[in-house]
Amino acid sequence: MSAPSAIVARPQPPPRRLLGPADAQRLAKAVLWGLTSLALAILVFIIGYIAWKGLPQITAAFLSEPVRDMGRAGGIFSTVVSTALVTAIALAIATPLGVGTAIYLTEYTREGWLVSVVRFGAECLAGVPSIILGLFGFVLFVLKLGFGWSVLSGGLTLAVMVMPTIIRTSEEAIKTVPHELREVCYSLGVPKWPTITRVVLPAALPGIVTGIVLSVGRSVGETAVVLFTAGAAVGTPHSPFDSGRTLAVHFYILAREGISMPNAYGTAFVLVAAILLINTAAYAIMYGVMRKNA
Amino acid sequence: MEASMERQWWIERALMLVALSAVGSLALITLFIFSEGLPVLAKAGLSNFLLSSHWAPTKGHFGIFAMIVSSVLATLGALAIGVPLGLACAVVLAEFATPTMRLILKPAVELLAGIPSVVYGFLGVVLLVPLIRDWLGGPGLSLLAVALILGVMILPTIISISIDALRAVPRTYREASLAVGATQWQTIWRVVLPAARSGVVTAIILAMGRAIGETMAVIMVAGNALRLPHSPLDSVRTLTSNIALELGYASGDHRAALFATGLVLFAVILVLNAAASLLRRQR
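Small disclaimer: the values here were computed from a predicted structure and weren't measured. (Residues numbered from 1 in each chain as written. Chains lettered and ligands numbered in written order. Predicted model: local features only at pLDDT ≥ 70, side-chain atom pairs only at ≥ 80, totals over all residues.)

Caption draft 1: Summary view of the overall build of chain A. Broken down by element type, chain A carries 12 helices and two strands. For 294 residues, the compact-globule formula gives about 19 Å, and the C-alpha radius of gyration of chain A, at 27 Å, lies well above that figure. Put simply, of all contacts in chain A between residues at least 6 apart along the chain, 75% involve residues at least 24 apart. (Helix = DSSP H or I, 4+ residues; strand = E, 2+ residues; numbered from the N terminus. Rg over C-alpha atoms; globule rule 2.2 N^0.38 Å. Contact = placed C-beta atoms within 7 Å.)

Caption draft 2: Inspection of the overall build of chain B at higher detail. Along the backbone of chain B there are 13 helices and two strands. Among the 283 residues that make up chain B, the fraction classed as buried is 52%. The long-range share in chain B, meaning contacts at least 24 apart out of those at least 6 apart in sequence, stands at 75%. (Buried ≥ 20, exposed ≤ 12 C-beta atoms within 10 Å, placed from the backbone.)

Caption draft 3: Layout of the nonpolar core. Membership of the largest hydrophobic core comes to 184 residues, with the highest contact counts inside it found for V146(B), I149(B), I158(B) and V221(B). Take this core: its biggest share by element is 15 residues, from helix α3 (residues 65-96) of chain B. (Core = buried A, V, L, I, M, F, W, Y, C linked by C-beta atoms within 7 Å.)

Caption draft 4: Structural context of the interface of chain A and chain B. Taken residue by residue, the interface counts 67 residues in chain A and 60 residues in chain B. Top element by residues in the side of chain A that touches chain B is helix α2 (residues 21-54) of chain A. It accounts for 17 residues. The residue makeup of the side of chain A that touches chain B, split by class, is 51 nonpolar, 12 polar and four charged. (Nonpolar A, V, L, I, M, F, W, Y, C, P; charged D, E, K, R; others polar.)

Caption draft 5: Structural detail: the domain arrangement of chain B. Residues and elements named next belong to chain B. Examined at the domain level, chain B breaks down into domain 1 (2-50) and domain 2 (65-282). Once you take the C-alpha centre of each, domain 1 and domain 2 turn out to be 29 Å apart. Of the residues lining the interface, nine residues belong to domain 1; the matching set on domain 2 comes to 10 residues. In terms of residues, the side of domain 1 that touches domain 2 owes the most to one element, helix α1 (residues 2-44), which gives seven residues. Among the residues forming the side of domain 1 that touches domain 2, the class breakdown is seven nonpolar, one polar and one charged. (Domains from an automatic or database assignment.)

Caption draft 6: Representation of unusual backbone geometry in the model. Residues and elements named next belong to chain A. Even without being glycine, D69 reaches a positive phi, approximately 50 degrees. Its place among the elements puts D69 in the loop between β1 (67-68) and β2 (73-74). One non-glycine residue, M70, lies in positive phi territory at about 60 degrees. Among the secondary structure elements, M70 is positioned in the loop between β1 and β2.

Caption draft 7: Layout of the environment of L79(B). Residue and element names in this part refer to chain B. Structurally, L79 is set in helix α3. Separated by 69 residues in the primary sequence, L79 and L148 have C-alpha atoms spaced 9.5 Å apart. Dropping the residues within four chain positions of it, L79 is found in contact with I204, A207, M208 and A211.

Caption draft 8: The arrangement of the environment of E65(A) in detail. Position of E65(A) relative to the elements: it lies in the loop between α3 (60-64) and β1. In this structure E65(A) touches G74(A), G75(A) and F77(A), once residues within four positions along its chain are discounted.

Caption draft 9: A look at the environment of V201(B). Residue and element names in this part refer to chain B. If you trace the backbone, V201 turns up in helix α10 (residues 197-213). V201 gets classed as partly exposed once you count the C-beta atoms within 10 Å, which come to 17. Each C-alpha atom of the pair V201 and A165 lies 9.8 Å from the other, and the pair is 36 residues apart in sequence.

Caption draft 10: Quick peek at the packing of α2(A) against helix α9 (residues 184-195) of chain B. For the pair α2(A) and α9(B), the least separation of the axes is 8 Å and the interaxial angle reads 75 degrees. As far as their axial angle goes, α9(B) and α2(A) are roughly perpendicular. For the pair α2(A) and α9(B), contact is made by P21(A), A24(A), Q25(A), A28(A) and K29(A) and by Q184(B), W185(B) and Q186(B), respectively. Taken together, the residues that form the contact of α2(A) with α9(B) break down as four nonpolar, three polar and one charged. (Axes fitted to C-alpha atoms, helices over the stretch in contact; angles between N-to-C directions. Parallel < 35°, antiparallel > 145°, perpendicular 65-115°, else oblique.)

Caption draft 11: Spotlight on the packing of α2(A) against α3(B). It is the contact of α2(A) with α3(B), at a shortest axis distance of 8 Å, that shows an interaxial angle of 110 degrees. Classified by the angle between their axes, α2(A) and α3(B) sit roughly perpendicular to one another. In this structure, the crossing between α2(A) and α3(B) has a hand that is left-handed. Here K29(A), L32(A), W33(A), L35(A), T36(A), L38(A) and A39(A) of α2(A) come into contact with α3(B), specifically with P84(B), L85(B), A88(B), C89(B), V91(B), V92(B) and F96(B). Split into classes, the residues belonging to the contact of α2(A) with α3(B) amount to 12 nonpolar, one polar and one charged. (Left-handed = near helix turned anticlockwise from the far one by under 90°.)

Caption draft 12: Spatial organisation of helix α6 (residues 143-153) of chain B. The buried fraction of α6(B) amounts to 11 of the 11 residues, a majority that puts the element mostly inside the structure. Turning to α6(B), its buried residues number three or more, namely L143(B), L144(B), A145(B), V146(B), A147(B), L148(B), I149(B), L150(B), G151(B), V152(B) and M153(B). Elements in contact with the buried residues of α6(B): α2 of chain A together with α3, α5 (117-136), α7 (155-167), α10 and α11 (216-222) of chain B.

Caption draft 13: Region of the structure containing the confidence of the model for chain B. All names here are of chain B. In the predicted model, chain B carries a mean pLDDT of 90, and 99% of its residues have values of at least 70. Averaged pLDDT values over the elements of chain B bottom out at 84 in helix α4 (residues 99-112) and peak at 95 in α6. Scored as a complex, the prediction yields pTM 0.90 and ipTM 0.90. (pLDDT = per-residue confidence, 0-100.)

Structure representation (structure tokens):
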């Protein structure tokens, strides 16, 4: 039997701290809010600055005239056409492939090795930097397949870039379609494929459209990929095999070579405004869906 | 009925092929980057390529050590700026903000992810570079400018993935911690953040991939001098900007060396992505 005094704990003095828990809470909250305000201020400033400098440059002529004198004069219309063409080609290819992949992953396979491989591949592809995609598109489409610097090469490479986005958003959208809808169809004897095209896809459409719209935004803003696959010819492309300078590439060249600062700011404004509009539309669609499901 | 069954079978096969398109693209990218880059790697020798700083591709010197160092330093600098800022935003938005604020601010942050990298680079050139030149000295186009720009560019990635990770921590964890008398900050620091650790680490890894792979913004503010940086105010050339600067006019071994540069970059990114992917699966 040991002495009882060994068992009874002596009251310990509270540990000495620079800050009590309440003070730490106040301090942490203040610091975190401060950092958050700083980050938000930077992001707001970026958009504000571009609008402040760029908006005065925007005239009807700037938007409707082709690029003249390498961008010193004229407008940006030819680059808008190139951007639209490249983006349209990219989405025309990436949408069926991406949505098809999502359908296969959600409707046709159980969680197995194939799903893991496809999902891992899509995740890795999403992380491949644009300069690597540019190198790839340059070798495969521009050189090996002989498409040259063209809107076609640019569109094909962008399709590879946006495919992961479309796969992921479509997969999420298809997964949220209630299982009962499918079961009703099957119980009526409708085969699997018509069930998917007539029932599942229409129900998942808003989510799929969100992914497509986000991909449009990424294609419009991309520079490295298009610079090395679509080239930088200032003229308006008349066929998929013509080179075309997109808005983002045009802006890059104007700014980097110091050709015309007013035109650079104007182009930047059009580029940023277009992308923000496109992305806002995407989030509006998604938010509408979330509210409907809630 | 027979015909219908057969049709369903064909549709399933076709969709399986489509599903392989993403993996197939990744395989093609790997194949082309390797087949274009490996020969020159073999010729120059891997250690020579990676550990020499002598880059004179038209004279047969392919050393990318200085660029590797610059890329790594720029990425670490970007993380030093972007991680605290981004995590602070994520914690505030996930834990302190009201649902209405979250509903507005989270999409706003994600919208900003869409601002093209050339725009960040341009603002860096017209605003940040003169500031650095006038206040800190040096050419202005510098490692510091690259780190600052990249630090801002990775914010949306860090914020949006970390918010999701923090929101995924069960409410009961917070309630248990608050119930035993912990303050909100103690709860966040000791309970919520550790529980969300794998998600936060995923965010940081993906942001790292973003930063190391970013090209256009970096070219514009880096100055692109070919040497080892000795101070944050030195001009640097990263792996990505080296490729983009020279691809336009390179041919032969020079072009192959650019692909080999891409190969090194690609290998690093694949490792980062695989790590992020595994972490995500663990959760």
